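Results of the structural survey
Here's the letter readout for the chains.
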Amino acid sequence: MPSSSERERLATYHAKRDLRASGEPGGSAGRGAADEPRFVIQRHEARRLHYDFRLEIDGVLVSWAVPRGPSTDPSEKRFATRTEDHPLDYLDFEGRIPRGNYGAGTVVVWDIGTYRNLTERRGRPVSAADALANGHLKVWLSGHKLTGAYALTRARFRDDEDSWLLVKVADEAADRRRDPVRTQPESVLTGKVNKDFED
Ligand code: MN
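As the structure is a computational prediction, the values presented were derived from the model and not from experiment.

The protein atoms donating to the manganese ion are H44 (ND1), H50 (NE2) and D52 (OD), with metal-donor distances spanning 2.1 to 2.3 Å. Taking the relative accessible area as the measure of exposure, D52 reaches 7% and is therefore buried.

This is the structure:
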């Protein structure tokens, strides 16, 4: 059973969907906290293509929608809109969300793995929850397509709490020549592409 705080945090998620109609997962069965928190990036061909970037933080998947997807080039700033927290069972969800449902379209697990929170303030580590509240989070991703550090920073140029920027940190995993969003559209779990889930 989800704890009440988890239920509260997922209230928006549940309010937006009818899970019996959408086929999306609703819980966190058998997904107690792993040694390292997990992340997923889902390629979601909905009304508009975007990439849902989700980080496991305190029992839910804190989520952003990134229209252009993540870059491996530190000079590229990718706009990211914070969206509702998702349940942990969403980590490996892929398939088709039928027409008439919120987010109707197709979803593949574009990348998945674990991450480490690298956020510091004045030389001291900052918890992921505090980093979110402060509007700056730095994580080290260990995925299949993406590795290395990424920074998520609340955008100050908009009067909107939900506008963030996702930027690759300049480190040994940075690579201006790679463009995995373009060259590797497939699921890292099944090798499928979005089209494979279409009607
Ligand atoms: Mn989405």
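Our next topic: the packing of aromatic side chains. For any two aromatic rings, the description comes down to two numbers: the centre-to-centre distance and the angle of the planes. Scanning the entire structure with this criterion turns up six aromatic pairs. Consider the rings of Y51 and W110, whose centres lie 5.8 Å apart with planes at 80°: the pair is edge-to-face. Placement of the pair is Y51 in strand β2 (residues 49-57) and W110 in strand β6 (residues 105-117), with a sequence separation of 59 residues. Residues Y51 and W110 agree in their burial class; the two are buried. Between Y90 and F93 the ring centres are 5.0 Å apart and the planes differ by 50°, which places this aromatic pair in the tilted class. Residue Y90 shares its accessibility class with F93, and that shared class is buried. Its end group placed over the ring of W64, R82 keeps NZ or CZ at 5.8 Å from the ring centre. The ring of Y150 carries the charged tip of K168 above its face, separated from the ring centre by 5.1 Å.

Conventions we followed
Throughout, residues of each chain are indexed from 1 in the direction in which the sequence is written. This being a predicted model, a pLDDT of at least 70 is required before a residue's local features are given, and a value of 80 or more before pairs of side-chain atoms are given or counted; all residues contribute to the totals for chains, interfaces and linings. Excluded from the side-chain calculation are hydrogens and water; included are all heavy atoms of the structure. Listed donor atoms are N, O and S within 2.8 Å of the metal (Na, K and Ca: 3.2 Å). As water is not included, a site may look incomplete. Buried residues are those whose accessible area, probed at 1.4 Å on protein chains only, stays under 20% of the maximum for their type, while exposed residues exceed 50% and partly exposed ones sit between those limits. Ring geometry is summarised as follows: Phe, Tyr and Trp rings, the Trp one being its six-membered ring, pair when their centres sit within 6.5 Å, and such pairs are stacked at plane angles under 30 degrees, edge-to-face over 60 and tilted between the two. Helix and strand definitions follow DSSP, with helices as H or I runs of at least four residues and strands as E runs of at least two, each counted in order from the N terminus. Counted as over-ring charges are cases with an Arg CZ or a Lys NZ within 6 Å of the ring centre that also lie within 35 degrees of the ring normal.

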